[in-house]
Amino acid sequence: MTIRLYNTATRKKEEFIPLVKGKVGIYVCGVTVYDLCHIGHARSTIVFDVLVRYLRAKGFEVTYVRNFTDVDDKIIDRARQTGKDPASLAREYIDAFYKDMGELGVLNADKEPCATEHIDRMISMIETLIDKGFAYVEGGDVYYAVEKLDDYGSLSGRRLEDMHAGSRIAVDERKRHPMDFALWKAAKPDEPQWSSPWGPGRPGWHMECSVMSNYYLGPTFDIHGGGKDLLFPHHENERAQSKAANGVEFARYWVHNGFVTVESEKMSKSLGNFITIRDALKDYPAEVLRLFLLSKHYRSPLDFTRKDVLDLQSGLIRLYRTLQRMKTIVGRSEQKDQSQSVSLVDAPDGSFLDQFVRNMDDDLNTAGAVGLIFEKAKEMNRLMDRQGNTTDPEVFKQLKDDRRQIFLVARILGILQDSPEVFFTKIAGPARVDPEEIESMLRERTKARTEKDWAKADSIRNRLQEMGVVLEDGPNGTTWRLDV
RNA sequence: GGCGGCAUAGCCAAGUGGCUAAGGCAGCGGUCUGCAAAACCGUUAUUCACCGGUUCGAAUCCGGUUGCCGCCUCCA
């Protein structure tokens, strides 16, 4: 069964057939490291994290490249404002990226290059472009001539004439065409700079991705990803540079994720509605955020509202309750043999795993996949309800098998990775209760209940409720948990 | 002005030509319980913004209308 991906270049869902059978090269535009990452960055990073996990689960050998843009106007500006050195500022936010994305369960890419590590190769590519007549030098700057590439604009579906007509931006008169863009920028005083055949300077933004993707994955590779906003001009220009320099096709499948809005408004510094991952993590456990970002199709816009996130949190709590219940009934899951006993590749038709694969194969329908997990959890609860106190080995086997399957798909989505206790603690916040005291109150209440002193039993329960403790009377006695 | 996308129940959200329109949240009724909690069962869209068209058959394809959004400038 093959994966179908929506290819922005053709505006269609297409069957994904890798260049080399069984192998996938994927390049995703990372972040410019001048500030903390926000939930929009989180969405993009998580979507491609899941894509890579899924490809691997399908048996592909994946080379995943995700870059850091560590030289750029914004970094230079921010460094100036804060009196920091641009390089150390970049380092600081690279560290912050790993910390924040790590908390969200994002795995590292195979290659995570910084632009500044590839300056020499960028210079070489610019030289090639000049030699081939696709670029020209003006003073210490080098520009790419968009008119020289016959299909410039085809990736983003634009025509040069249309853009020309709508453009109201002051055009640098050194450019031969208004849409020409800088490959190399002459250095201004006090800016990071590297020597080049055109004098000291730094590369234009698009160069790094052309060079690094080609360097790690070859001139033609399988998947290029990034946020929708990067389609133009960034990806269009990347593609133009590489195609012109290498004379072959660049990325074969272009995958773009949609934007995150906050309470129906685009995140922007001026509106003050920028939500950093760090701030979001103060309000919600990482998995709630992760699941929320995967609960809508990756290409659709996603509105981040408190109500919707909390609604989803309620759902995740229910999944964890099911897992906790499983633990008390059939015991802990055995991590080791999980991967051997269940597999994505030979799932029987119509089975849970088969349905999961069908959803994910269809342009990474994580929302549909999440729905399946809820259905499976309900099925497990039903089994546990029906079984009650008995210990039917058949039921045990079924439950364990169900749990293995849930964990298999949850690992691909990167959820349900906490133990239920840890998860509930994250939601309830740091414990303010003394377990000893609760146990003692519980004993008192149990005594009252055996004496059918309901008034006393209920008053104890109410007191515990006020302490944030919820009781559950079951056939095997009373258990307590933090109210979430 | 150019390009693109989206409109599915109270809210969020799958489904893109044909079984009874997934799932979650919230609500209501029920089972269980001394009462709760949790879980489960039932229930909440004869209908998928609106109007036409294609088809034996459309939420799903085509045309139009309305509304919302994104990109065209740094942006995940």
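Residues numbered from 1 in each chain as written. Chains lettered and ligands numbered in written order. Predicted model: local features only at pLDDT ≥ 70, side-chain atom pairs only at ≥ 80, totals over all residues. Heavy atoms only, no water.

Is there a simple way to explain the domain arrangement of chain A in this structure?
It is common to give the size of an interface as the accessible area that goes away when the parts come together. Considered domain by domain, chain A is made up of domain 1 (4-262), domain 2 (284-426) and domain 3 (431-482). Distance from the C-alpha centre of domain 2 to the C-alpha centre of domain 3: 30 Å. (Domains from an automatic or database assignment.)

What's the story with the packing of helix H2 (residues 73-82) against helix H3 (residues 86-103) in this structure? I'm lost.
If you want to describe how two helices pack, look at the angle between their axes and the distance between the axes. Between H2 and H3, the least distance of the axes is 9 Å, while the angle of their chain directions is 105°. The angle between H2 and H3 falls in the class roughly perpendicular. When H2 is examined against H3, the residues Ile-75, Arg-78, Ala-79 and Thr-82 are found in contact with a partner set consisting of Pro-86, Leu-89 and Tyr-93. Among the residues making up the contact of H2 with H3, the classes are represented as five nonpolar, one polar and one charged. (Axes fitted to C-alpha atoms, helices over the stretch in contact; angles between N-to-C directions. Helix = DSSP H or I, 4+ residues; strand = E, 2+ residues; numbered from the N terminus. Parallel < 35°, antiparallel > 145°, perpendicular 65-115°, else oblique. Contact = heavy atoms within 4.5 Å. Nonpolar A, V, L, I, M, F, W, Y, C, P; charged D, E, K, R; others polar.)

Mind showing me how you'd approach unusual backbone geometry here?
Working note: non-glycine residues mostly have negative phi, and peptide bonds are mostly trans. Each neighbour pair has its own omega, and for Phe-232 with Pro-233 the value is 5°, a cis peptide bond. The residue Pro-233 is located in helix H7 (residues 231-246) in this model. Not every positive phi belongs to a glycine, and Arg-11 is a case in point at roughly 55°. Given a relative accessible area of 39%, Arg-11 falls into the partly exposed group. (Buried < 20%, exposed > 50% of the residue type's maximum accessible area, 1.4 Å probe, protein only.)

Even after reading the chapter, I still don't get the pattern of salt bridges, so can you show me in this structure?
Note that side chains of opposite charge can pair when their charged atoms are close. Inspection of every chain in the model, using the stated rule, returns 35 salt bridges. The residue Asp-473 makes a salt bridge to Arg-445 at a minimum N-O spacing of 2.9 Å. Taken together, the residues Asp-473 in strand S14 (residues 469-474) and Arg-445 in helix H16 (residues 435-450) connect sequence positions 28 residues apart. One connected set of salt bridges, linked through shared partners, spans Asp-73, Lys-185, Glu-191 and Arg-202. (Salt bridge = Lys/Arg side-chain N within 4 Å of Asp/Glu carboxyl O.)

I would appreciate a short explanation of the protein's contact with RNA strand B in the present structure.
With respect to spatial proximity, 55 residues lie near RNA strand B, and among them Lys-74, Trp-205, Leu-230, Lys-266 and Arg-461 are the closest. For RNA strand B, the fraction of atoms within 4 Å of the protein that belong to sugar or phosphate moieties is 70%. With respect to RNA strand B, the backbone of Gly-157 contributes an N or O atom lying 3.5 Å from a sugar or linking oxygen. Within the contact set of RNA strand B, a sugar or linking oxygen lies 3.4 Å away from a side-chain nitrogen or oxygen of Asp-229. Considering every element that reaches the surface near RNA strand B, the biggest residue donor is helix H13 (residues 366-387), with nine residues. Grouping the amino acids of the surface near RNA strand B by side-chain chemistry returns twelve nonpolar, 20 polar and 23 charged. (Near = heavy atom within 4 Å. Polar contact = N/O pair within 3.5 Å; in protein donor to acceptor, adjacent residues only side chain to side chain.)

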